[in-house]
Amino acid sequence: LVHPSRYVGFGLPVLEALQCGTPVVTTTSSSLPEVGGDAALLVDPENPESFKDAIISLYEDPTRRHQMRESGFKHAQKFTPDQLGFRTLLCYEKLFQNGRLPKAHLPRLALWTPLPPQRSGIADYSAELIQPLSKIYELEIFVDDGYLPDPNILRQHLVQHHSAFNRRHSQNPFNVILYQLGNSHFHIYIYEQLKRVSGIVVVHDLVWSFVPYGELARAGKMDEFKRQLVTMEGMESYLEFERILKLSADEATQQLHAFLRRHYMLTEVVEHSLALVVQSDLEKQVLQD
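Within each chain, residues carry numbers counting from 1 in the order of the written sequence. Given that the model is predicted, a residue must reach a pLDDT of at least 70 before its local features are reported, and side-chain atom pairs must reach 80 or more before they are shown or counted; all residues, however, enter totals for whole chains, interfaces and linings. The basis for every side-chain value is the complete set of non-hydrogen atoms in the structure, without hydrogens or water.

(A) Spatial organisation of the overall build of the protein chain. Strands here are runs of E lasting at least two residues and helices are runs of H or I lasting at least four, both read from the DSSP assignment and numbered beginning at the N terminus. What the protein chain contains, in helices and strands, is 15 helices and nine strands. Two residues qualify as a contact provided that any one of their heavy atoms is within 4.5 Å of a heavy atom in the partner residue. In the protein chain, of all internal contacts separated by at least 6 residues, the share reaching a separation of at least 24 is 57%. Counting every atom, the protein chain has about 16200 Å² of accessible surface; 54% of that belongs to carbon and sulfur. Only four residue types enter the tally: Lys and Arg on the positive side, Asp and Glu on the negative side, with His and both chain ends excluded. A charge is said to be at NZ when it belongs to Lys, at CZ for Arg, at CG for Asp and at CD for Glu. Here the protein chain holds 28 positive side-chain charges and 35 negative ones, and the gap between their average locations is 4 Å. Note that accessible areas follow from Shrake-Rupley with a 1.4 Å probe, and for residues the cover is restricted to the protein chains shown.

Next comes the structure, spelled out in structure tokens:
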């Protein structure tokens, strides 16, 4: 299915195609990235060449079409009639609670965080935080792929897949964007979003370097890690890292761990944040330096 829309309210044809096992080429516009997810091939709606290239690439690659078909079935399960009915009812309940508009006067807060059942202390922390936050903000929570947050949280709060943020922000801009950032792969989607849209960052761990190193090493992109290391920590750190890589396996592992703990790689976090919330005076001093 080729769905070349500049704007849609939801993108039902895309979802129907995914449910039917049909690979989809659609655009980066409006809600289509949310509906298509990783199961669709997204292109620039204003670039005809990109449509041509996408169609040819899928036509010539049956393996990729098969992978997209399987991904489509899985992604489509996130959008069910029951979910639609429940979300609609929840909107009405929020709107008419006690016969008034209880949150119309409150500032809007976008909270980017993992949630239970992800095995993360920050997920548990945020689960406790959202209740008091919801009393002083009109709260929307943006989470990552691959899991369904705790049903109790879903019943009480508006939880969105992170790809919905741009659409929600353009429709009704958030007054505050709050990022919960910790030293684990659960926070990569938050880190990438922070680089696109600045906000307030709660820094739960002073060291971020373990995350890019682990992810880029597994992906075989060590050159990209070295580039980031030079940019954020300087040439001297890069040369030290190169020396560690030449050591024996056991010695390299030990020294690498110590190296990553000394080099935080938080430069981009600091540069893109509007404010930082830290947990100690030591962290405050380190980030100020």
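(B) Region of interest: the pattern of salt bridges. We define a salt bridge as a side-chain nitrogen of Lys or Arg found within 4 Å of a carboxyl oxygen belonging to Asp or Glu. Taken as a whole, this structure holds 13 salt bridges when the rule is applied. Between Glu-138 and Arg-108 there is a salt bridge, with the nearest N and O atoms lying 3.1 Å from each other. One end of the pair, Glu-138, is in strand 5 (residues 138-143); the other, Arg-108, is in strand 4 (residues 108-112), and 30 residues separate them in sequence. Where Arg-108 meets Glu-140, a salt bridge forms, and the shortest distance between an N and an O atom there is 3.3 Å. Taken together, the positions of Arg-108 in strand 4 and Glu-140 in strand 5 put the pair 32 residues apart, joining distant regions of the chain. Across the pair, Glu-140 and Arg-108 agree in class, each one buried. Burial here depends on accessible area, computed with a 1.4 Å probe over protein chains only, as a share of the maximum for the residue type. Under 20% is buried, over 50% is exposed, and the range in between is partly exposed.

(C) A look at the nonpolar core. Of all hydrophobic cores here, the largest spans 47 residues; its most connected members are Trp-112, Ile-141 and Phe-225. Setting aside anything within four residues of it in sequence, one finds Ile-141 in contact with Leu-111, Thr-113, Leu-115, Ile-130, His-157, Leu-158, Val-159 and Gln-160. In this text, buried Ala, Val, Leu, Ile, Met, Phe, Trp, Tyr and Cys residues form a nonpolar core when linked through side-chain atoms within 4.5 Å. The next biggest cluster of nonpolar side chains, apart from the first, holds 12 residues, and it includes Val-8, Leu-15, Leu-18 and Ala-76.

(D) Structural detail: the sheet that holds strand 2 (residues 24-27). The rule for pairing is simple: two strands pair if DSSP sees at least two bridges between them. Pairing is parallel across the open sheet formed by three strands, whose spatial order is 1-2-3. Every interior strand has two partners, whereas the edge strands, strand 1 (2-3) and strand 3 (40-43), have only one. Of the strand pairs in this sheet, strand 2 and strand 3 are connected by four bridges, and their pairing is parallel. In the strand pairing of strand 3, Val-24 is matched with Ala-40. As a rule, the C-alpha atoms of each element are fitted with a line to give its axis, helices using only the stretch in contact, and angles between N-to-C directions run from 0 to 180 degrees. Packed onto the sheet, helix 1 (residues 12-19) meets strand 1 and strand 2 and runs at close to 160° relative to strand 2.

(E) How the structure looks around the pairing of strand 6 (residues 158-161). As judged from the four bridges shared by strand 5 and strand 6, these two strands associate in the parallel manner. Bridge assignment links Val-143 to a residue of strand 6, and that residue is His-161. With strands facing away from the observer, any crossover in which the path from the first strand over the helix to the second runs clockwise is taken as right-handed. One crossover worth recording links strand 5 to the parallel strand 6 by way of helix 7 (residues 151-156), and it is right-handed.

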